[in-house]
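Listed below are the residues making up each chain.
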Amino acid sequence: MASPLLEIRDLKVSFRTEDGIVRAVDGVSCSLYEGETLGIVGESGSGKSVTMMSVMRLITDPNAQFEGEVIYKGTNLMNLSQDQIRSIRGAGIGMIFQDPMTSLNPVYKVGWQIEEQIREHEHVSRQAARDRAVELLTAVGIPNARERVDAYPHQFSGGMRQRVMIAMAVSCNPDVLIADEPTTALDVTIQAQILALIKKLRQDFGTAVVLITHDMGVVADMADRIAVMYAGRIIEQGTQRDLFYDPQHPYTWGLLGSIARLDRPRPRRLAAIPGLPPSLMRLPVGCAFGERCAHRFERCSELPLLLDRSGTSHLDACHLSPQQKKDLRDRTIHPELVEERP
Amino acid sequence: MTDGAVELAVLEEGPEVAKGEVLLQAEHLKKYFPIKSGILVQREVARVHAVDDVSFELRAGETLGLVGESGCGKSTLARCITRLYDITSGSLEFEGADISKYSRRQLRPVRRDLQMIFQDPYASLNPRKRVGAIISDPLRIHRAGSSDQIRRRVLELLEVVGLSAEHINRYPHEFSGGQRQRIGVARALALKPKLVIADEPVSALDVSIRAQVINLLDDLQDELGLTYIFIAHDLGVVRHVSDRIAVMYLGKIVEVSPAEELYQRPVHPYTEALLSAVPVPDPDLSASRQRIVLEGDVPSPIHPPSGCRFHPRCRYATDICKTEEPPLLRHGSLGHMAACHHPLNSDTSPADASATAADASGIRTTSA
């Protein structure tokens, strides 16, 4: 395989607080290759956003401490000055945020905000930038773009604002697009529109996408490879097929089991994961998922590493043997379907 | 609750409505919000048609799911039923009495039976009150026993929702989102209500926690014989909890059906599109599935489209849809009704269906 476009090596992010040190990201390594879509799945507080915000060097909190490397096209982004990183943000790596209302500036027209970004990165005239903005707004499916370019963010609906955000993120043809929960704030019908748009852009421009989400349905639709995060670490990583048809980690099983699915007969009960995620200030010794895991055994007090345990590129951080996993899996994900079988 | 040790005097009366009987009946319910403009004299210049002529029936012990996109009026409908909003017109019968025009004083005893669980567990709990006070408030307001009895009831409620007695003196900020939602559930159940309206109770929660709260609500319904109106935009969750489901679009119910039936054979094109837009956590299925991407946004409820409100976004729309509003008619099996000129998956054409509409149970036709 070619060398990755973006590579994260053992990234650690911690925040010093009054109550102690919060280990938000605790040794994350993963790569993004050209043209692919990497889905990062996890619950709130699992560190998925902090990881990608750190890649973009968007965390300015003086109490934050970073360790590790982020290699983008041979450069370690962690060593760059603010000026240098600014030339990469937008031009090399674009980002879409969850809430399109708070991530657009309410007092500037949307056209102006897109033009500003283009003129920051490329030496073009005001008029040329404006034409590009109109072109981009048309490309992301905003009707009447020539007039709408002079509208303010509040004059757009949620879905339309997210389209504006996407237009802005792709305005300088980045090779990497980081989308942090791009559809979480939107209705399902609008979500379908936005996902279709991201797919189209990916196809037209060959952009590699990092898609952060908590929705397993969205990654089933969009991602080539998937990383599942829990308590600041990646606990399972593999191709889309690996994750959905051969999941190895009990937490991934739990995530799959707790979804009320439309494509399956309705179970009497959902297979909920008991308990709560651990506090990032006092992570348990050993496996962070141990306290909530039904299959815990003695070895789980040792920290499991993210390893290739089956001789493929499918990695997981669980001590159970592959055979044990195979035996336990279906019972954990959908116990009722298994029960009914003779 | 499990041992039934504490029974408070005022709450001892048994359920007046037996399981399966009509508990709540709404007819031609409307809620319009005025939009006012003017400097000295505020004049009404337009109206938001938030809930526009909705009729339905709810039977004791069942769960009615209410789905639709943001702005379709599902939360407004919930607040009309609990009379947190005044109703513009129409009738609302709860246990046989029309409460649509009740005064605050008249509503008091009714409120005991009609409780609500809110979406945002951060905003719906007073941050300056302890959990014990939050849960006991409804009991004290309704004078449901001595302080000692109330305390015992609060402890019992905490146990029912899966919290422990030591939580009674803590503040809401000390809890996670899922635990806070449990406090909200305990508060709603304090007075042993007959009908609980849950407005997006799990939308703000993480997937694994969401399943815990759904299972809790499920168990409580079995144990306490509750009737639920369950509002959510997640169609998977709604299917899981509901016996019947009503789909709303721009202030109107466009389809209502037994839960499984709605997913197997949607009749209204909006329902079809909504179902097809839900991402499926199965890559192969997701790739092979025909997806209907609706164009554009939901139109403004200030000036809703003429005829069928869905026609500007509907791929089956013809001229009749622009001019004539389709009535809610029966399609196929008992209790499956939809308002569409071009129904899908229906053996009965609307013309035949209109004759049989009157005997359909569940929702009544709004076309008088």
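None of the values given here were measured: they were computed from a predicted structure.

How each quantity is defined
- Residues numbered from 1 in each chain as written.
- Chains lettered and ligands numbered in written order.
- Predicted model: local features only at pLDDT ≥ 70, side-chain atom pairs only at ≥ 80, totals over all residues.
- Helix = DSSP H or I, 4+ residues; strand = E, 2+ residues; numbered from the N terminus.
- Rg over C-alpha atoms; globule rule 2.2 N^0.38 Å.
- Buried ≥ 20, exposed ≤ 12 C-beta atoms within 10 Å, placed from the backbone.
- Contact = placed C-beta atoms within 7 Å.
- Core = buried A, V, L, I, M, F, W, Y, C linked by C-beta atoms within 7 Å.
- Nonpolar A, V, L, I, M, F, W, Y, C, P; charged D, E, K, R; others polar.
- pLDDT = per-residue confidence, 0-100.
- Pairing = 2+ DSSP bridges.
- Axes fitted to C-alpha atoms, helices over the stretch in contact; angles between N-to-C directions.
- Expected span 1.5 Å × (residues − 1).
- Arc of directions from axis to C-beta.
- Right-handed = clockwise from strand over helix to strand, strands pointing away.

The next point concerns the overall build of chain A. On a plain count of helices and strands, chain A comes out with twelve helices and twelve strands. Against the compact-globule benchmark of 20 Å for 342 residues, chain A has a radius of gyration of 21 Å, which places it among compact chains. Taken over the C-alpha atoms alone, chain A extends approximately 70 × 45 × 45 Å along its principal axes. Looking at chain A as a whole, 49% of its 342 residues are labelled buried. Looking at chain A alone, contacts between residues at least 24 apart form 65% of all its contacts between residues at least 6 apart.

Right, let's get into the nonpolar core. Formed by 197 residues in total, the largest nonpolar core has its most connected members in Val210(A), Ile229(B) and Val247(B). Contact partners of Ile229(B), with chain neighbours within four places excluded, come to Leu58(B), Leu64(B), Leu66(B), Ala78(B), Ile81(B) and Ile197(B).

Quick look at the interface of chain A and chain B now. Each partner contributes residues to the interface: chain A has 36 residues there, and chain B has 35 residues. Breaking the side of chain A that touches chain B down by element, the ones donating at least two residues are helix H7 (188-205), helix H8 (216-222), helix H9 (240-245) and helix H10 (250-257) of chain A. Residue classes in the side of chain A that touches chain B are distributed as 16 nonpolar, eleven polar and nine charged.

All names here are of chain B. A residue-level look at chain B finds 89% of positions with pLDDT of 70 or above and a mean pLDDT of 86. Segment residues 1-14: pLDDT under 50, and 17 contacts once partners within four positions in sequence are set aside and those in other chains are kept. pLDDT under 50 marks residues 349-368. Its contacts with residues more than four places away, or in other chains, come to 40 contacts. Overall fold confidence for the complex sits at a pTM of 0.85, while the interface term, ipTM, reaches 0.84.

Here we come to the sheet that holds strand S5 (residues 97-98) of chain B. All names here are of chain B. Pairing within the open sheet is antiparallel, and its four strands lie in the order S2-S1-S4-S5. Two strands in the sheet have a free side with no partner beyond their single neighbour: strand S2 (43-59) and S5. In the sheet, strand S4 (residues 89-94) pairs with S5 via two bridges, with the strands oriented antiparallel. Directly across from Glu 93, in S5, lies its bridge partner Asp 98. In this fold helix H1 (residues 74-81) packs onto strand S1 (22-37), S2 and S4, with an angle of close to 70 degrees to the strand it touches most, S2.

The subject of this paragraph is helix H4 (residues 147-160) of chain B. Residues and elements named next belong to chain B. Between its first and last C-alpha, H4 extends 20 Å over 14 residues, near the 20 Å set by a 1.5 Å rise per residue. Taken together, the buried positions of H4 are Ile 150, Arg 153, Val 154, Leu 157 and Leu 158. Buried residues of H4 fall within an arc of 140 degrees about the axis and therefore sit on the same side. One or two steps after H4, the chain reaches Gly 162, where phi turns positive at roughly 85 degrees.

It is worth spelling out helix H1 (residues 48-55) of chain A at this point. Residues and elements named next belong to chain A. Burial analysis of H1 places eight of its eight residues in the buried class, the great majority of the element. Residues Lys 48, Ser 49, Val 50, Thr 51, Met 52, Met 53, Ser 54 and Val 55 constitute the buried set of H1. Within two residues after H1, Arg 57 carries a phi angle of roughly 55 degrees, on the positive side.

What follows is about the sheet that holds strand S10 (residues 233-239) of chain A. Residues and elements named next belong to chain A. Spatial strand order, S6-S7-S8-S3-S9-S10-S12-S11: eight strands in an open sheet with mixed pairing. Taken across any chain shown, the strands that pair with only one partner, and hence form the sheet edges, are strand S6 (93-96) and strand S11 (307-308). By the bridge criterion, five bridges tie strand S7 (residues 176-180) to strand S8 (residues 208-213) in an arrangement that is parallel. Its bridge partner being in S8, Asp 180 is matched across the sheet by Ile 212.

Residues and elements named next belong to chain B. Of all five residues that make up strand S7 (residues 195-199), five are buried, and the element is covered over most of its length. In this sheet, S7 lies alongside strand S6 (residues 114-117) in parallel orientation, the contact comprising four bridges. The residue bridging Ile 117 from the neighbouring strand is Ala 198, located in S7. As paired strands, S7 and strand S8 (residues 227-231) are joined by five bridges and run parallel to one another. Pairing of Ile 197 across the sheet is with Ile 229, part of S8. What joins S7 to S8 is helix H6 (residues 207-224), and the crossover it makes is right-handed.

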